[in-house]
Amino acid sequence: MFTIDYRPKRLSDLAGQESAKKVIKAIIDNPDNSPQNIILYGKYGTGKSSLAKIFARTLNCSNGAVYDACLSNSCNICNKDLDKNNAFYYTEYNSARYSSKNDMVQIANQLNYLQNKGWMINNFEEFHLVSKDAQSVLLEELEKDLGKVFNVFCTTEIDDILDTIRSRCLEVQFYPVKSNFIVTSLKDICQKENIQFKDSTIELLAERAGGSVRDAHMELDRIKMMGEKDYLDSIVDTTSFYLDFINAAIEKDSKEAYSVLEKLINEKLEVLKKSFYNTILEINEVKYNISNDKRQGKVDKIVNDLDDNLINLIKLSLEDWVSSSFKSDYEFKNAMMGLYQIIEDNF
């Protein structure tokens, strides 16, 4: 799988995340005087776990690499496959498995292990899954001088981590990776694998990934298996579904609205988020006569039926609505029905 075969092993391989890489480089440059507890947080598939492993390799490189793992055949550190096994300098904890208070007591007793062979990195994956009581166990440990040990906490939900833990950690944010970085990554894989797809298809993959490099690599696996034509035929036009949903609200047709919603919910939430932005953008483009889209008829009807104030209401509420309502299928359904109610109440 491309997600495994092309997981970055050096900082220079990590797509985007320039600010995060600068922070890690600064720590590598002066580890003895750097914060020992670090939270890496942000969207899934953006490189948090990969960076933790790169950090561990580079700090312990037997060839004395500066800022980046050397990956030399002579280096038994940088060539270690940390995706399959831990190492004397790297331990990964699956927080879904070690989430109870008793689990964390056991782990906490090991965190002050003084590494005599180099730097030790403890990586807690999806740390937000650890219970609040279990998180509290770590508070005292995080204030100790751990010697040559770093604790890294990776999470997609930083708000679920205790404030008392966050105040003891250096927080490093990971952002959704821009499409141009993802396109470069996909084209690099295609070249190495000797496979060819149209540029427009690669750009579509990058857009559908929603800022997640991992999702983009998974989509590339999918298109390789299906073939380019069959893959493109399978792509759902979710923007058109949104237009159908809004029209159903205008017509006060709740049965049709629910029917469209069931079609929408089969798509990935990140794709739905992107399509919703596109839908609102398209409505406004038609309103101001700057669009000639193939869905012109559907959009024209919405523009004619909805007045400026209602369109602006939808537009103004867009940012908070999307950011807070695309985290689960349940929240998405509730938000869509909220939008239905806004439109229905104004007719």
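Before any of the text, the structure's been laid out above.
Draft legend 1. Spatial organisation of the overall build of the protein. Looking only at helices and strands, the protein features 18 helices and five strands. Buried residues in the protein amount to 49% of all 347 residues. Long-range pairs, those at least 24 residues apart, make up 76% of the contacts in the protein between residues at least 6 apart in sequence. Carbon and sulfur atoms make up 46% of the accessible area of the protein, which amounts to about 17500 Å² in all.

Draft legend 2. The arrangement of the packing of aromatic side chains in detail. Here the structure, examined in full by the defined rule, presents eight aromatic pairs. Ring geometry for Phe 55 and Phe 150: centres 5.1 Å apart, planes at 70°, overall edge-to-face. One end of the pair, Phe 55, is in helix 3 (residues 48-60); the other, Phe 150, is in strand 4 (residues 149-155), and 95 residues separate them in sequence. The two residues Phe 55 and Phe 150 agree in class, both being buried. Arranged with centres 5.0 Å apart and planes meeting at 20°, the rings of Tyr 93 and Phe 124 form a pair that is stacked. Of this pair, Tyr 93 sits in strand 2 (residues 90-94) while Phe 124 is found in strand 3 (residues 120-125), placing the two residues 31 residues apart along the sequence. Across this residue pair, the class does not change: Tyr 93 and Phe 124 are buried. By way of ring pairs, the aromatic residues Tyr 93, Phe 124, Phe 127 and Phe 153 are connected into one cluster.

Draft legend 3. Focus on the side chain of His 128. Along the chain, His 128 falls in the loop between strand 3 and helix 5 (132-137). Polar contacts involving the side chain of His 128 include one to the side chain of Thr 155, which spans 2.8 Å. Excluding anything up to four places from it in sequence, His 128 contacts Thr 155, Thr 156, Glu 157, Asp 160 and Ile 161.

Draft legend 4. Region of the structure containing the packing of helix 13 (residues 254-264) against helix 18 (residues 329-345). One way to put it is that helix 13 packs onto helix 18 with a least axis distance of 11 Å and a crossing angle of 145°. In this structure, the crossing between helix 13 and helix 18 has a hand that is right-handed. Residues Ser 254, Ala 257, Tyr 258, Leu 261, Glu 262 and Leu 264 of helix 13 touch helix 18, and the partners they reach there are Phe 332, Lys 333, Met 336, Met 337 and Tyr 340. For the contact of helix 13 with helix 18, a count of residues per class yields eight nonpolar, one polar and two charged.

Rules behind the numbers
- Residues numbered from 1 in each chain as written.
- Predicted model: local features only at pLDDT ≥ 70, side-chain atom pairs only at ≥ 80, totals over all residues.
- Heavy atoms only, no water.
- Helix = DSSP H or I, 4+ residues; strand = E, 2+ residues; numbered from the N terminus.
- Buried < 20%, exposed > 50% of the residue type's maximum accessible area, 1.4 Å probe, protein only.
- Contact = heavy atoms within 4.5 Å.
- Areas by Shrake-Rupley, 256 points an atom, 1.4 Å probe, with all protein chains shown as cover.
- Phe/Tyr/Trp six-rings, centres within 6.5 Å; stacked < 30°, edge-to-face > 60°.
- Polar contact = N/O pair within 3.5 Å; in protein donor to acceptor, adjacent residues only side chain to side chain.
- Axes fitted to C-alpha atoms, helices over the stretch in contact; angles between N-to-C directions.
- Left-handed = near helix turned anticlockwise from the far one by under 90°.
- Nonpolar A, V, L, I, M, F, W, Y, C, P; charged D, E, K, R; others polar.

The analysis is restricted to geometry; functional conclusions fall outside its scope.
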